[in-house]
Amino acid sequence: MKILSVVGARPNFVKMAPLARQFEKKGFTHVLVHTGQHYDYNMSNVFFKDLDLPNPDKHLGVGSGTHGVQTGRMMAELEKELLEESPDLTLVVGDVNSTLAAAIASVKLGIPVAHVEAGYRSFDMHMPEEINRVLVDRISQLLFAPTENAVLNLMNESMRRESIHFVGNIMIEALLGNIEKAEDSQILKNLELAKGEYFVATIHRPHNVQKENLKLILEMLSDAPLPVVFPAHPRTREAISRYGLDDVMTEQIMIIKALGYLDFIALLSSAAGVMTDSGGVQEEALVLKIPCLTLRETTERIETVRAGANRLCGLDREKVRTGLREALENQWRFEIPLFWDNRVSERIADVIEQEDFSIPGHSML
Ligand code: UD1
């Protein structure tokens with residue numbers, strides 16, 4: 001069995017770590033390709049180090065660009081790799097542009113695609129990630145769903161039932177496998193913070209870094225009843241400077257550079273609550289039992305809301321204010337969804353092992 005996996009952006013690296021380990025255990029031949037979508041040390045390299053992820057076999061160095069340019073370059077480069085390696089299966093994770101590029105390049109060469117984290121839907125086609133999710137699922141032959149609701153979404157879109165496998169949440173397997181290691185992080189000590197005495201914020205969605213929205217968010221963070229640690233994505237940092245918003249931030253906001261995986265997990269797990277527009281952070285917060293306020297109108301991680309752990313606040317000042325107050329009053333539930341455990345990669349590898357990729361027509365959609 002030869003699998004070619006493609007990663008490119010921060011959340012991909014986290015999801016790939018348990019899979020790479022499991023594939024090695026199974027004795028699969030595994031080729032890891034990094035598109036280079038994320039390239040800064042603290043957006044990429046530190047994740048490989050923190051997660052013990054093997055160095056990529058190939059690094060395509062694609063970098064930033066408009067969606068068309070970035071995705072197109074990745075497809076052109078990935079096509080060459082796929083032709084050279086000729087894997088039995090291409091594996092993609094999540095919903096970033098690297099995921100879409102790899103799925104399209106692969107399926108057009110007749111190489112079947114497995115999508116890990118299939119079936120999440122925000123039903124908001126203004127989000128680039130939602131477009132990526134819908135398209136990747138449509139052209140994948142193996143759909144590995146993280147939740148029961150994701151299975152339903154796939155069935156509602158008339159995906160073949162035999163393609164859909166409910167395996168659980170790979171992000172959570174990574175989290176559970178690293179919580180102990182994260183206890184050694186010095187981040188709280190370095191920032192002179194004490195457990196439960198600060199909030200965390202992560203903001204990077206294009207919608208939220210537009211001038212007026214970003215200004216409103218910074219005002220909301222400044223209003224928080226506790227200090228807010230804000231590890232900023234490079235784009236967010238750049239937007240704050242470009243729009244001259246440094247003055248909007250009071251001393252209540254502690255802006256720092258984007259953190260590596262272990263430091264971020266350590267920071268999150270001791271926080272009084274988190275405000276975020278990230279997908280993965282909503283899930284991590286639930287499992288770590290940290291109240292989460294999502295600064296978006298929709299979420300594809302609907303289970304986190306149903307579990308009682310996450311509230312959709314959009315950019316509504318009043319909802320955020322109430323949410324932060326209630327986060328301090330412990331009025332939150334944290335019900336862990338089924339299969340958000342440490343055996344997700346094993347379920348995925350078992351399914352892959354049982355597939356017979358030599359059957360002619362296997363790659364037919
Ligand atoms: C991507 C994903 C998003 C994910 C996020 C995690 C897509 C469509 N979106 O968004 O789902 O939540 O990664 O971080 O794929 N930049 C740097 N250094 C880097 C990487 C990016 O400065 O290492 C800058 C780029 O120059 C660009 C901006 O950040 O201006 C956006 O980068 P890009 O990779 O296009 O998407 P993200 O917004 O990071």
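Since the model is a prediction, treat every value here as computed from it, not as a measurement. (Residues numbered from 1 in each chain as written. Predicted model: local features only at pLDDT ≥ 70, side-chain atom pairs only at ≥ 80, totals over all residues. Heavy atoms only, no water.)

1. Section: the site of the ligand
Stage number 1. Of all residues adjacent to the ligand, which total 20 residues, the nearest are H38, N97, E129, H233 and R235.
Stage number 2. Here Q37 contributes a side-chain N or O atom positioned 2.8 Å from an oxygen atom of the ligand.
Stage number 3. Separating an oxygen atom of the ligand from a backbone N or O atom of Y39 is a distance of 3.0 Å.
Stage number 4. Considered on its own, the ligand offers 750 Å² of accessible surface; in the complex 85% of this is hidden by protein.
Stage number 5. For the ligand, the cavity whose grid points lie within 2 Å of the majority of its atoms is the largest pocket.
Stage number 6. Considered class by class, the residues forming the shell around the ligand number six nonpolar, eight polar and six charged.
Stage number 7. Counting contributing residues per domain, the shell around the ligand is built from domain 1 (2–177 + 342–354) and domain 2 (180–328), each supplying no fewer than three. (Near = heavy atom within 4 Å. Polar contact = N/O pair within 3.5 Å; in protein donor to acceptor, adjacent residues only side chain to side chain. Areas by Shrake-Rupley, 256 points an atom, 1.4 Å probe, with all protein chains shown as cover. 1 Å grid on protein atoms, 1.4 Å probe; cavity = no way out; pocket = protein on both sides within 12 Å on 5 of 7 lines; lining within 4 Å. Sits in = over half its atoms within 2 Å of the grid points. Nonpolar A, V, L, I, M, F, W, Y, C, P; charged D, E, K, R; others polar. Domains from an automatic or database assignment.)

2. Observations regarding the domain arrangement of the protein
Stage number 1. Assigned domains of the protein: these are domain 1 (2–177 + 342–354) and domain 2 (180–328).
Stage number 2. The interface is formed by 30 residues belonging to domain 1 together with 25 residues belonging to domain 2.
Stage number 3. Considering only the surface of domain 1 that becomes buried against domain 2, N42, D50 and L175 emerge as the three largest contributors, covering 25% of it.
Stage number 4. Summed over the shared surface of domain 1 and domain 2, the number is four salt bridges.
Stage number 5. With its nearest N and O atoms 3.3 Å apart, the salt bridge here joins D52 to K181.
Stage number 6. Our count for the domain 1 to domain 2 interface comes out at 12 residue pairs in polar contact (both at pLDDT 80 or more).
Stage number 7. Elements represented by at least two residues in the side of domain 1 that touches domain 2 include exactly α1 (10–26), α2 (45–50), α5 (128–138), α6 (148–156) and α7 (170–182).
Stage number 8. Per-element accounting of the side of domain 1 that touches domain 2 gives the leading share, five residues, to α7.
Stage number 9. Its residues assigned to classes, the side of domain 1 that touches domain 2 comprises 13 nonpolar, six polar and 11 charged. (Contact = heavy atoms within 4.5 Å. Buried area = accessible area lost by both parts, 1.4 Å probe. Salt bridge = Lys/Arg side-chain N within 4 Å of Asp/Glu carboxyl O. Helix = DSSP H or I, 4+ residues; strand = E, 2+ residues; numbered from the N terminus.)

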